[in-house]
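Descriptive structure summary
Below, each chain spelled out in residue letters.
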Amino acid sequence: PRTAAVIPAAGRGVRLGPGAPKALRTLNGTPMLVHAVRAMAASRAVSLVVVVAPPDGAPDVRRLLDAHSLPERTDYLVVPGGETRQESVRLGLDALPEGFDIVLVHDAARPLVPVETVDAVIEAVRDGAPAVVPALPLADTVKEVEPASGSAPEPVVATPERARLRAVQTPQGFAYETLAEAHRTVTGEVTDDASMVERLGRKVVVVPGHEEAFKVTRPLDLVLAEAVLARRRA
Ligand code: C5P
């Protein structure tokens, strides 16, 4: 089966502080997006990577990819993204040529995911799961709250049993038809692609994630990411 990876990279990354769009920030001198593209192309199963650029940034992102060394056995497409992550992923799917039966969706903001995790997700889809997410158990206890306006303390509503919770990462893997149907039919706010498949009533399964697949969201995450890269080179 042929496998493509879609990388939504159109976010502004406001939580990271002021500056360039998040995917273009550098880690040890290389843009986060380039790390993420290399992480997908590192899997021998991935023959196409579709990068979804900021709406007005596709030419710049194309130039950026051309300026960095990437595995030659993989093809790279760049398309402009949308207002929301969901819309960006849909635009990436729309750009896929015929013939890809497995699709990965991977956040540019998870630049350091190891190839073993990528391959484990692909393998679970090949084994028949329509949707696969890598995930880890939680260190923190999680509370559901009633969001309060302003600075008022938020009342706790519930404490879900921690042992049953997982923190979900990317790449998430899908049978192409399942993800395409989800993006055609599911509306409303979602924060990942697998939840759209859940809304279709289709089965989503979890495989072990990896601590290095964390999402670079806040300034401290940049420090951690550069430390991980330094350790890899040591
Ligand atoms: O904002 P969040 O951290 O959830 O974004 C996850 C991924 O979705 C990032 O890689 C970001 O660039 C991407 N994104 C996008 N288009 C948007 C918003 C976010 O491609 N409009």
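Residues numbered from 1 in each chain as written. Predicted model: local features only at pLDDT ≥ 70, side-chain atom pairs only at ≥ 80, totals over all residues.

The protein chain goes by 2-C-methyl-D-erythritol 4-phosphate cytidylyltransferase in an unreviewed UniProt entry, where it is assigned to Streptomyces zhihengii. In the Sequence similarities (unreviewed entry) part of its UniProt record, the protein chain is described as follows: "Belongs to the IspD/TarI cytidylyltransferase family. IspD subfamily." For the record of the protein chain, the UniProt heading Catalytic activity (unreviewed entry) holds the text "2-C-methyl-D-erythritol 4-phosphate + CTP + H(+) = 4-CDP-2-C-methyl-D-erythritol + diphosphate". (UniProt positions renumbered as here; feature names shortened; annotations may be inferred.)

1. A look at the UniProt feature "site: Positions MEP for the nucleophilic attack" (unreviewed entry) in the protein chain
Here the UniProt-annotated "site: Positions MEP for the nucleophilic attack" (unreviewed entry) positions come out as Arg162 and Lys215. Within the element layout of this structure, Arg162 appears in the loop between strand E9 (156–158) and strand E10 (166–168). Other than its neighbours up to four places away in sequence, Arg162 contacts Leu138, Thr141 and Val142. Counting through the fold element by element, Lys215 comes out in the loop between strand E12 (204–208) and helix H7 (219–233). Setting aside chain neighbours within four positions, we find Lys215 in contact with Asp107, Ala109 and Arg110. (Helix = DSSP H or I, 4+ residues; strand = E, 2+ residues; numbered from the N terminus. Contact = placed C-beta atoms within 7 Å.)

2. Regarding the UniProt feature "site: Transition state stabilizer" (unreviewed entry) in the protein chain
In this structure's numbering, the residues bearing the UniProt feature "site: Transition state stabilizer" (unreviewed entry) are Arg15 and Lys22. With respect to the secondary-structure elements, Arg15 resides in the loop between strand E1 (3–8) and strand E2 (26–27). Under the C-beta neighbour-count criterion, Arg15 is labelled exposed, with 12 such atoms within 10 Å. Among all residues touching Arg15, those that are not within four sequence positions of it are Thr217 and Arg218. Tracing the chain through its elements places Lys22 in the loop between E1 and E2. (Buried ≥ 20, exposed ≤ 12 C-beta atoms within 10 Å, placed from the backbone.)

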